[in-house]
Amino acid sequence: MAAGKEIRGKIKSVENTKKITKAMEMVAASKMRKAQDRMRAARPYAEKVRNIAANLAHANPEYVHPFMVTNTGGKKVGFIVVSTDKGLCGGLNTNVLRAVTNKLKELEGEGVKADVVAIGNKAAGFFNRIGANVVSSVVGMGDTPHLEKLIGPVKVLLDAYQAGELSAVYLCFTRFINTMKQEPLVEQLLPLNATTLQSETTHQWDYIYEPDPVAVIDELMVRYVEALVYQAVAENMASEQSARMVAMKAATDNAGNVIKELKLVYNKTRQAAITKELSEIVAGAAAV
């Protein structure tokens, strides 16, 4: 029964793996709800900042913020790539990194170089391996994104764009659509689209600003861009937990199927061994 003992060992091993994947599925399902609530709670802030900035820009048309100006002299572009710190979440990171790689190849064909800000351990490791110019990175964000951790690394590209060194800045992340579907996106962050900042209100009014409207617009534009980056990280975290829950459920189901197949093979092996022993006993009795 050496073969039977080996099969029993495999069954035990797969059962232990199944327990782990089932536990990870339940943990991901619990975290997914919190991540989705956090993602939805971040949307109104960015929308309100956008509306205020739009009203200010409409009241002061003579001033155009640097984030709204296209830098034709910039010889490089910037990429803010959002990924996860941990794996076991299906093809989530692979899809967004593939989209970024295709965009990098397209720009490289045009003779444009790129600076990368990596958010998440997977993105940082990937771009270091392929030899990309990683100007800053942030890892170990945990289950809750904190804006103060994101401001420093992102500010490197924002300052470079204001200085005219970059012609564009792209934000790359995975947008949460629903539990079963997440979409990798590579969208332009800077320069800001004028139509995006149009106010939805039909009436316009102005206020008295302190110290002055220009200073308020400058601060609001930076806050708006930071809010977009934070929203992207929140969306990516919600996508991560959803993808991990689905991946762990699939792994648990596959482990169950493997256990059934191994038990069937074990029972057949055991039945064959018993039949052989009975045959030997009958043959021995007949010989006597």
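Provided above is the structure to which this section pertains.
Below: a short report on this structure. These numbers were taken from a predicted model, which means no experiment stands behind them.

The rules behind these values
- Residues numbered from 1 in each chain as written.
- Predicted model: local features only at pLDDT ≥ 70, side-chain atom pairs only at ≥ 80, totals over all residues.
- Heavy atoms only, no water.
- Helix = DSSP H or I, 4+ residues; strand = E, 2+ residues; numbered from the N terminus.
- Buried < 20%, exposed > 50% of the residue type's maximum accessible area, 1.4 Å probe, protein only.
- Salt bridge = Lys/Arg side-chain N within 4 Å of Asp/Glu carboxyl O.
- Pairing = 2+ DSSP bridges.
- Axes fitted to C-alpha atoms, helices over the stretch in contact; angles between N-to-C directions.
- Contact = heavy atoms within 4.5 Å.

## Looking at unusual backbone geometry
Then, number 1: In this structure, the amide linkage connecting Leu190 to the following residue, Pro191, adopts the cis form with an omega of 0 degrees.
Then, number 2: Here Pro191 is to be found in the loop between β5 (181–190) and α5 (213–287).
Then, number 3: A positive phi angle, close to 60 degrees, is found at Leu88, a residue other than glycine.
Then, number 4: With respect to the helices and strands, Leu88 occurs in the loop between β1 (76–82) and α2 (92–109).
Then, number 5: The exposure class assigned to Leu88 is exposed, which follows from its relative accessible area of 54%.

## Structural notes on the pattern of salt bridges
Then, number 1: Counted by the stated rule, this structure contains ten salt bridges.
Then, number 2: Among the ionic pairs, Lys22 bridges to Glu25, the shortest N-O distance being 3.9 Å. With Lys22 and Glu25 both in helix α1 (residues 2–59) and three residues apart, the pair spans about one turn of that helix.
Then, number 3: Two residues, Lys249 and Asp253, come together in a salt bridge whose shortest N-O distance is 3.2 Å. Highlighted residues: Lys249 and Asp253, both in helix α5, separated by four residues, approximately one helical turn.
Then, number 4: Judged by relative accessible area, which is 39%, Asp253 ranks as partly exposed.
Then, number 5: Salt bridges here are not isolated pairs; linked through shared partners, they connect Glu219, Arg223 and Glu226.

## Some points on the sheet that holds strand β3 (residues 133–138)
Then, number 1: Read from one edge of the open sheet, five strands run β3-β2-β1-β4-β5, paired in mixed fashion. The open sheet is flanked by β3 and β5, the only strands paired with a single partner. Pairs of neighbouring strands in the sheet enclose a mean axial angle of 20 degrees, with direction left out of account.
Then, number 2: Relative to strand β2 (residues 113–119), β1 runs parallel, the two sharing seven bridges. Bridging from a neighbouring strand, Val82 pairs with Ile119 of β2.
Then, number 3: Contacts from helix α3 (residues 121–130) reach β1, β2 and β3 within the one sheet, and its direction differs from that of β2 by about 150 degrees.

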